Amino acid sequence: MSILQTPTVKFTNNMQLAVQQQQSKLAMHALQQAGSGEMTEVTNIVGSALPERISTRFQAINLKSGDFTRRWAPRTEPYVFVRGVDTIDQMEAGISLQGAYTMTGAATLKRGKDMAFLEGYYGVNYTGKTGQTQVTFPAGNIVPVDFGAAAATGMNVDKLAEAQRIYRAGLVDVESEELFCALTSQQVRDLQREIEMTSRDFNQWDAPVLRDGKLTKLLGFNFIPMEFGNAASVGAEVAALTLSGSNRRVPTWCLSGMAVVTWEEMFARVSEREDLNFALQVYARNCQTATRTEEAKCVQILCAES
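Residues numbered from 1 in each chain as written. Predicted model: local features only at pLDDT ≥ 70, side-chain atom pairs only at ≥ 80, totals over all residues. Heavy atoms only, no water.

(A) Representation of the overall build of the protein within the structure. The helix and strand tally for the protein stands at six helices and 17 strands. Classification of the 306 residues of the protein by burial places 42% in the buried group. Considering only residue pairs separated by 6 or more positions, the protein has 77% of its internal contacts joining residues 24 or more positions apart. In the form shown here, the protein has an accessible surface area of approximately 17,400 Å², with 54% of it arising from carbon and sulfur atoms. (Helix = DSSP H or I, 4+ residues; strand = E, 2+ residues; numbered from the N terminus. Buried < 20%, exposed > 50% of the residue type's maximum accessible area, 1.4 Å probe, protein only. Contact = heavy atoms within 4.5 Å. Areas by Shrake-Rupley, 256 points an atom, 1.4 Å probe, with all protein chains shown as cover.)

Right, dumping it as structure tokens:
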């Protein structure tokens, strides 16, 4: 809604924000770290090893070098929100527009956190001593769109079970790791049709799959309803990352499998613009980057949405 559309009748005394996602839904379910400089080292990953037997008396120690890799997060351009509140618009609206635009700015930048999360989840990540080695999402960690069927299907329990199998095969400890799965409204509807969603065998009183008609948890996955493929919510470029052809790339991840690095949490100012007849300027800015910490801890599920 543009400012020119805000004039109201004299006695109007309230205002609401247009329909929009007002809170971050994905970024909060990841490791959090402060960023600095052009490139921040997120984690050092020490490689796994097998024990060796001592086979003889006074056997010499077989000293080996440690095996570890680094994961990096590059600083990206900040997200910014700027709106002007003209004096004439303020008078015609009959209420304070400043507060409404301030709330809109906060909601916009919180969605920006999720945009950064999705860019890091789907995109190229960086490893190596100085973060110059590029790593793409591994094909082996993608559940096919036709898994368990003769043709492309939407989200179902079999695909979730296959995603869990991939985690286990990658030696991820799913008993101790917290798993998450973001679902669009279409995947939510797909799962609501599954018999496991309503079966008493799955819906125990202390761990229901459905609560008040909303999906909660199944096969270890915590469900996060979000229109992550909607350009109105995450922008056209990020929404395109969530597609493989016409199929949705549904993200699942371990809590420790994603990291959000923050250079600037929130900078906000409301100031007068003398050069614009003292109109108010609402300005807000933040800067985050996200990255996978380990490829084994992220699994995509391809889903048809037609």
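Continuing now.
(B) View of the sheet that holds strand β15 (residues 258–273). Strand order in the open sheet formed by four strands is β1-β15-β16-β4, and the pairing between neighbours is mixed. Pairing within the sheet leaves two strands with one partner each, and these edge strands are β1 (31–34) and β4 (79–85). Shown here is a sheet whose adjacent strand axes are inclined to one another by a mean of 25°, direction ignored. (Pairing = 2+ DSSP bridges. Axes fitted to C-alpha atoms, helices over the stretch in contact; angles between N-to-C directions.)

(C) Highlighting helix α3 (residues 157–169). Over its 13 residues, α3 runs 18 Å from end to end, which matches the ideal 18 Å to within 8%, given 1.5 Å per residue. Turning to α3, its buried residues number three or more, namely Val-157, Lys-159, Leu-160, Glu-162, Ala-163, Gln-164, Ile-166 and Tyr-167. A positive phi of about 70° marks Leu-171, the residue just after α3. (Expected span 1.5 Å × (residues − 1).)

(D) Just the side chain of Thr-262, in detail. Structurally, Thr-262 is set in strand β15. Looking at Thr-262, the relative accessible area reads 16%, which means it is buried. Non-local contacts of Thr-262, meaning those with residues more than four positions away in its chain, are made with Gln-33, Ala-34, Gly-35, Cys-287 and Gln-288.

(E) Representation of the nonpolar core in the model. Formed by 45 residues in total, the largest nonpolar core has its most connected members in Phe-117, Leu-160, Leu-183, Phe-223 and Trp-253. For Leu-160, the residues in contact, after removing those within four places along its chain, are Met-155, Cys-181, Leu-191, Leu-218, Leu-219, Phe-221, Phe-223 and Ile-301. (Core = buried A, V, L, I, M, F, W, Y, C linked by side-chain atoms within 4.5 Å.)

(F) Main features of the environment of Ser-185. Of note, Ser-185 is situated in helix α4 (residues 185–192). For Ser-185, a relative accessible area of 47% puts it in the partly exposed group.

(G) Broad picture of the pattern of salt bridges. According to the stated counting rule, one finds 13 salt bridges in the structure shown. Note that Arg-193 and Asp-190 form a salt bridge whose closest N and O atoms lie 3.5 Å from each other. Residues joined in a network through salt bridges with shared partners are Arg-71, Arg-292 and Glu-295. (Salt bridge = Lys/Arg side-chain N within 4 Å of Asp/Glu carboxyl O.)

(H) Looking closely at the pairing of strand β8 (residues 179–183). With five of five residues buried, β8 is to be regarded as a mostly interior element. Covered by surrounding structure in β8 are Leu-179, Cys-181 and Leu-183 together with Phe-180 and Ala-182, the residues of both alternating faces. Bridge count between β8 and strand β14 (residues 247–254): three bridges; the pairing is antiparallel. Paired with Phe-180 across the bridge in β14 is Trp-253. For β8 and strand β12 (residues 221–225), the ladder comprises five bridges, and the chain directions are parallel. Each residue of the ladder has a partner; that of Ala-182, found in β12, is Ile-224.

(I) Geometry of the environment of Lys-214. On the secondary structure map, Lys-214 appears in strand β10 (residues 214–215). Among the residues examined, Lys-214 registers a relative accessible area of 59% and is labelled exposed. Once the C-alpha coordinates of Lys-214 and Val-188 are considered, the two residues, 26 residues apart in sequence, prove to be 8.6 Å apart.

(J) Quick peek at the environment of Asn-156. Considering the arrangement of structural elements, one finds Asn-156 in the loop between β7 (142–143) and α3. On a C-alpha basis, the gap between Asn-156 and Glu-194 in space is 6.9 Å, while along the polypeptide they are 38 residues apart. Only 3.2 Å separates the side chain of Asn-156 from the backbone nitrogen of Asp-158, close enough to count as a polar contact. Here Lys-159 takes part through its backbone nitrogen, which lies 2.8 Å from a polar atom of the side chain of Asn-156. (Polar contact = N/O pair within 3.5 Å; in protein donor to acceptor, adjacent residues only side chain to side chain.)

(K) Main features of the confidence of the model for the protein. When the pLDDT values of the protein are averaged, the result is 82; 78% of them are 70 or greater. Scored below 50 in pLDDT, residues 1–19 makes 28 contacts in the model with residues more than four places away or belonging to other chains. (pLDDT = per-residue confidence, 0-100.)

(L) The pairing of strand β16 (residues 279–292), seen in detail. Taking burial as the measure, the 14 residues of β16 include eleven buried ones, the bulk of the element. Two strands pair when backbone bridges link them, and β4 and β16 are joined in this way by seven bridges, in the antiparallel orientation. Note that in β16 the partner of Val-85 across the bridge is Leu-280. Bridge analysis of β15 against β16 gives 13 bridges, and the strand direction is antiparallel. Across the sheet, Glu-272 pairs through a bridge with Leu-280, a residue of β16. Here β15 folds back onto β16, and the loop between the two strands holds five residues, one of which, Asn-277, carries a positive phi near 55°.

(M) α4, seen in detail. Residues of α4 that are buried include every one of Gln-187, Val-188, Asp-190 and Leu-191, and no others. All buried residues of α4 fall inside an arc of 160° around its axis, so they share one side. Buried-residue contacts for α4 involve α3, β8, β10, β12, β14 and β17 (298–303). (Arc of directions from axis to C-beta.)

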